[in-house]
Structures are given as structure tokens and as C-alpha cells.
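What follows is each chain in one-letter form.
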Amino acid sequence: MQPIRDNSTQIAPGPAVAAGNGESRPISGPVFVVGVWRSGTSLLYALLNQHPQIALMYEGDLPLLWPLFIGRKLSSALCKWDFWNQALKRHALDSGELPDQGLDFRAAVESVYSEYARRKGANIWGCKSPTYYDALPFLAQNFPAARFIVIWRHPAVVAGSILAAAETDAWFRRAGVMLRALMGCRKLQLDGQRLALLGVRIHHVHYEGLVRDPATVMKGVCRFLEIPFDARMVDLDTADRSAVYGGEHHALVHGSGIIRSRRRGRELPATLRTKIDRYLRLWRQQFGSGSPLAAYVPEADVVCASHWERARDRGCFELLRALDRATRLTYCFTPLALWKAYRWLKSFFQLPRKTVEVATITSPGLQHK
């Protein structure tokens, strides 16, 4: 695999607000850390949260469940949110300690996420989640002061890591996960460009640069966030990973240092490897050599993905996105008692592996990352 340039860039940072002690403080607004699955978002999250001014939630995904707040009090909506992905439990938050009143989803997200930051004494709140890979415009529209940090990793390595994770986690055995990850890279690139043109603040980092030289990358992130660099951000010795899911695929982020995986994922089938190379060749032509995604050069001398291949893959990708949105909407409007009964039945009958793979496509939170 050819080396890449550490193409970290900063786009349109906002002005800092002067603090009383003469130092700059970050302007208000959330920070969202985004990347496709297995691209290093968990590592970046753990390093960011080492900074005393930063407290991001881990895969809360609350903005994507906005229908929960239609006609409900906050406590009721948060109870159902917790059943989705155990976000309250994982972050040691108690819905009873938050104001039990009707809030729109924007105010609710800020109330919950900023409360988590307040308990740490931090003033930068937000969330990291791969699920936001296709939600950048939605988040930017509803949180105009938001800042985005997008992490990139070679799509072939991402694919290999997904194959390895699928051996121990049924979530990664869902139909369409590989296509979501590959086409999600294109979606992130396009949305990032569009947001930058609108003046949204977005910062790109590469996983390869992060593990090779974490100090340089994290200093760049601190400049983007307009906060002083903290030396604790370059290792995991004291990182709080209590909100991170368990599982073998998260073994490295639960470790004590930043290391390259000795097992870089599974060997890719030749058809998948050449498919990724075809798209890398295409994206390099479409986005130019200076874009984050185009920094990855295809290994093989291949032609670009054909118009037919692109149309077919985009069609399948849009269907998968529609399915994900429908799943969230169904969950939000279906009584919680029915979901509890479903999960009980699933656990009781101990569905075989193939059945679990199908169930996780249409059932939220059953097998989370």
C-alpha cells in the first residue's frame, strides 16, 4: 500500500472569544467527530477527551433520534433513547437529574451533552459517532455553531478491519455494511466540501498520520478548536474509556498506548480489493489530489469504476440509507413495551447467527458497535 500525505486541513475557523485571563476560549457550539466505521473515530475520541476542556459523548446519536421529542417530556424521550444504545448508562447520566419538561430536540441534545461536559468541568461538548457519516448537513443546519472533525483511513484497511470485526461482532455482519463504509467515504467527501463552501468549520485528519505522529495531529486539532494543546492527548494511559463498547474490535482503544494493529484486518477478496481501487482512481479524478479522500492512491493500475457500477452501488447505498432512517423512525414511534418484548423474545430463543444478521438490519440497538 502506497504511503499517503498527512493531508490534515483546517477550513474557516471561527473567532475566539477573549477570556478574562487574557487567554482565548472556544466559541460556543458542539463538536462532532465523524468517520466511517473502523476508521479510527474511537481512538480520536479517547485522545480528545483527555483534554480538560473537552468532553464528547461516545456514539450517543441523540440528534438522529429527533422524533423522540415530539409530544414527549425530556425524561420520557431519554428513557427510550437509553434503550436504543444505553447512552445514559454508559455515560453515567441520570435522566431524573435533567429538567423534566418538553424540549425540542436541539435544546434536548444541548441539555444532555452539555450536562455531560459540565460534570467533567469542560466547556466543549459534542459527540463522536460513525453514524453521523451521512448527517453532516443535518447537524450543520440544526447546530449552526457546530464544528466537525472528520477522520479518514484507507478504505481497503477499513474493509479489512470490518471483516475482522465481523468475526466476533454480529453488528458488522449486517448486510450492506461494507457498501455503507465504501460509499460513505464519498458521502463524507461531498458533504464536507459543500459545508466548507458555506463557511462551516471542518477539520480533516488521517488515521495513518494520527498513529504515526499523534502530537502533530492533535496540536492541529487544538488549533482548530482554539484551545491550548495538552500533552495528555498523545497517549491513552489515563484516558476514560468507560463509555466505549467492549469487544475484541475495540481492544486497541482500550489499551494503554497508540499502536498500529499487528493484525491490520483480514485479507480482502480480490474482487473487493479491485473494486476499492477502481473507486480510489475515480475519486482522485473527481475530487483532485488535494482532497482528503484522494490522498489514498490505488495499489493497482485499474480503470475508474464504470457508470453502471457507480449507478448500481449508489442505488443500493441510498436504499440502505433509507432503511436506516426508517429503522430510527419506526423505533421512535413504536411503544417501548413492544421493543422490550421483542428483545426479550430474541434473547429467549437465542436466534442463530444468520437470523441475527437479518434482525440487526431492521432492529436498532440489538448489536451495537
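Everything below is about the structure printed above this text.
Heads up: these notes are all about the structure in this document. (Residues numbered from 1 in each chain as written. Predicted model: local features only at pLDDT ≥ 70, side-chain atom pairs only at ≥ 80, totals over all residues. Heavy atoms only, no water.)

### With respect to helix 4 (residues 105-120)
Our working rule: Numbered from the N terminus, helices here are DSSP runs of H or I no shorter than four residues, and strands are runs of E no shorter than two. For a helix, the expected span equals 1.5 Å multiplied by the number of residues minus one. Three exposure classes are used, based on accessible area relative to the maximum for each residue type with a 1.4 Å probe and protein chains only: buried under 20%, partly exposed in between, and exposed over 50%. Only heavy atoms enter the contact rule, under which two residues are in contact if any of them lie within 4.5 Å. A 3.5 Å cut-off defines polar contacts: any pair of N or O atoms within that distance qualifies, except that in protein one atom must be a possible hydrogen donor and the other a possible acceptor, and neighbouring residues in sequence count only when both atoms are side-chain atoms.
The terminal C-alpha atoms of helix 4, which comprises 16 residues, lie 23 Å apart, in line with the 22 Å expected from a rise of 1.5 Å per residue. Along helix 4, the residues classified as buried are F105, A108, V109, S111, V112, Y113, E115, Y116 and A117. Where the residues of helix 4 are buried, they touch helix 1 (41-48), strand 5 (54-58), helix 2 (74-85), strand 6 (124-128) and helix 5 (136-142). Between the side-chain oxygen of the N-cap and the backbone nitrogen of R106 there are 3.0 Å, and the N-cap of helix 4 in question is D104. Downstream of helix 4 by one or two residues, G121 has phi in the positive range, about 85°.

### Brief notes about the packing of aromatic side chains
The condition is simple: The rule is short: rings of Phe, Tyr and Trp, with Trp giving its six-membered ring, pair when the centres are within 6.5 Å, and they are stacked under 30 degrees, edge-to-face over 60, tilted in between.
Inspection of the entire model under this criterion finds 15 aromatic pairs. Measuring from ring centre to ring centre gives 5.0 Å for Y45 and Y58, while their planes differ by 65°; the resulting arrangement is edge-to-face. Of this pair, Y45 sits in helix 1 while Y58 is found in strand 5, placing the two residues 13 residues apart along the sequence. Note on Y45: relative accessible area 1%, which makes it buried. Given the relative accessible area of 0%, Y58 is considered buried.

### With respect to the pairing of strand 6
Keep this limit in mind: One bridge is not enough; two strands pair if DSSP finds at least two bridges between them.
Burial of strand 6 is extensive: five of the five residues sit out of reach of the surface. Burial along strand 6 is two-sided: the residues I124, G126 and K128 and W125 and C127 are all buried. For strand 4 (residues 31-34) and strand 6, the ladder comprises three bridges, and the chain directions are parallel. By the bridge assignment for strand 6, V33 is matched with K128. Alignment of strand 5 against strand 6, held across five bridges, turns out to be parallel. The residue bridging I54 from the neighbouring strand is I124, located in strand 6.

### Regarding the nonpolar core
Nonpolar side chains in soluble globular proteins tend to end up buried together. Quick reminder of the rule: By nonpolar core is meant a set of buried Ala, Val, Leu, Ile, Met, Phe, Trp, Tyr and Cys residues that side-chain atoms within 4.5 Å join together.
Counting 108 residues, the largest nonpolar core has L48, W81, Y113 and F148 as its most contacted members. Considering every element that reaches this core, the biggest residue donor is helix 7 (residues 177-197), with nine residues.

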